[in-house]
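Listed below, chain by chain, are the residues.
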Amino acid sequence: MEDKRIVEMFWARDERALSVVRGQYGKLCRTIAHNLLGNAEDVEECENDVYLALWNAIPPARPRSLSAYLGRITRNLAVNRFHARGAQKRGGELVELLPELCEVVGDTVEDAFDGAHTLSLVTAFLQDETAEYRWLFLRRYWYGDSIAALAEQSRCGESTVKMRLARQRERLRAYLQEEGVSV
Amino acid sequence: MNTKQLFLAIGDLDGELVWMERPKKQRKPLYGWMLAAAAAVVVGVLGYAGLMEWRGQQPPVVDPAPTVVTTTTTVPSGTGGDENACTVHSFDYHSIDGGLLDLVSDEQFEEYLQTYDREGHNVVTFVEYFGITREQFIAAMKWEGKLSEQWSEYDPYTHGMLVDAIYGDDAEFSAWLFSHRFAWDEDVPPCDVLLAEDVCTEHQTEYHRINEELIRLAGGKRWRTYLTYYGGQGEGANILTFIAYCGITREEYVTAMGWQDKLQSVAAEHGEVAYTYGEFVEAIYGNDPALKARIFKIS
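Residues numbered from 1 in each chain as written. Chains lettered and ligands numbered in written order. Predicted model: local features only at pLDDT ≥ 70, side-chain atom pairs only at ≥ 80, totals over all residues. Heavy atoms only, no water.

Novice: Before we go on, may I ask you to explain the pattern of salt bridges in this structure?
Specialist: Where charged atoms from two side chains of opposite charge come close, those side chains can pair. All names here are of chain A. Within this structure, the stated rule accounts for 19 salt bridges over all chains. R62 serves as the salt-bridge partner of E8, at 2.7 Å between the closest nitrogen and oxygen. One end of the pair, E8, is in helix α1 (residues 3–11); the other, R62, is in the loop between α3 (40–57) and α4 (66–84), with 54 residues separating them in the sequence. A single network of salt bridges, built from pairs that share partners, joins E93, E96, E100, E103, R140 and R169. (Salt bridge = Lys/Arg side-chain N within 4 Å of Asp/Glu carboxyl O. Helix = DSSP H or I, 4+ residues; strand = E, 2+ residues; numbered from the N terminus.)

Have a look at this one:
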């Protein structure tokens, strides 16, 4: 079913919309949640939270792409769940992925950079990256793919993937600094 | 900014960007570059002519009797060869599309890699080495019917112009086109840009016009960032936010616009309202709401 039609069902408060979303995008949500959290119980709970959040968000939201919207909600809920967990119970790629991002911006308190501005900077950065690096960045930091999975898809060694990601993070760090972000 | 902010911002990336597939042109085994590096050493010792003599063979040709003879264009040499190292050429120059790679076997491609040094690995030498004609190139890239289409939103050239850069004999044009994407400060639209002109009914055109020279002053990269952030914000996209975002000073503005000697001259008239260049500058940099309204708003 087309996204537009599904969104209309949400606006009409038609609960069948949730079944449609689960059937159409459930696998995507579970994949992202599993990548990031790596725990079956967390994944299941995260998925249920995603549908609830979606039900509460639409209306008033009217997303153009449900897959991107759901992916975003899944990531947000996953990172919240990750932080809520005790350090010893944490698993999944977020354990490594967040420190990698921390290399880029440090872990200072939130500053005046709002989400839209941060997004614009990251978008501009990615526009300047080659298609290959853009793909690598998104698979790692959007989907939460593991280094091993990326190495397999790229047909190269894990050390190569790690090196490329490290260089890319350094480029992002330099770019953000250039744009006045305190990193 | 902190880690969580960055993580969440990545989650907000545009869906079309997120769902991109892995680019086909990178699917060749990476050990090709290792072989190329070894070949570069050989070239360094023997020189290109020596290498060809040493190899004792001519480059293989896909079409044994190509009907169109390709012309090599001369592009300034740079350092490095792939997209990571070369700071002179665009990625398009050093990437070989999967459609082109399908025209040759893996063994032929490996031979090609060994024939040139890293800088020599580019689309121009590739088509010349394999004798790929213009027609074959267009068919392999699936560009039939797209030749007049712009290469991308930010690039002032078409697919056809890129083909000309490869097959034409204008070296200067080729050098410009293939170095274009790295010249960020030159990466500005070739004219003034009007933002939000289709939605604004409140302001004069000048309010949403960003002069080409100002964009050049800000730099292509900052311009792109500004567009990404403000471009879709309707009234938010205007000369005031652009100046503030890019940190352009009053003096820089006046100089970029070439107004140093005519600040007292009449710049424009809106109906019965006339103003000077100096007043226009003051409306941008000053704090007089009445002046801003007089110049920028439609009365």
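Having seen the model, we can carry on.
Novice: Before we go on, may I ask you to explain the packing of aromatic side chains in this structure?
Specialist: Ring pairs (aromatic) are described by centroid distance and by the angle formed between their planes. All names here are of chain B. Enumeration according to the criterion identifies 21 aromatic pairs over all chains in this entry. Here the aromatic rings of Y112 and Y129 are separated by 5.4 Å at their centres, their planes lie at 65°, and the arrangement is edge-to-face. Placement of Y112 in helix α6 (residues 106–115) and of Y129 in helix α7 (residues 123–129) is noted, with a sequence separation of 17 residues between them. Taken as a pair, Y112 and Y129 share a single burial class, namely buried. Relative to F280, the ring of Y275 has its centre 5.9 Å away and its plane inclined at 25°; by these criteria the two rings are stacked. Accessibility assignment for this pair places Y275 and F280 in one class, buried. (Phe/Tyr/Trp six-rings, centres within 6.5 Å; stacked < 30°, edge-to-face > 60°. Buried < 20%, exposed > 50% of the residue type's maximum accessible area, 1.4 Å probe, protein only.)

Novice: Which parts of the structure should I look at to understand helix α14 (residues 239–246) of chain B?
Specialist: A turn of α-helix holds 3.6 residues, and therefore any two residues three or four places apart point the same way. All names here are of chain B. Burial within α14 is extensive, with six of its eight residues counted as buried. When α14 is considered as a whole, its buried residues turn out to be I239, T241, F242, I243, Y245 and C246. For α14, the capping residue at the N-terminal end is N238, with a side-chain oxygen 2.9 Å from the backbone nitrogen of L240. Two residues or fewer after α14 comes G247, characterised by a positive phi angle close to 65°. (Polar contact = N/O pair within 3.5 Å; in protein donor to acceptor, adjacent residues only side chain to side chain.)

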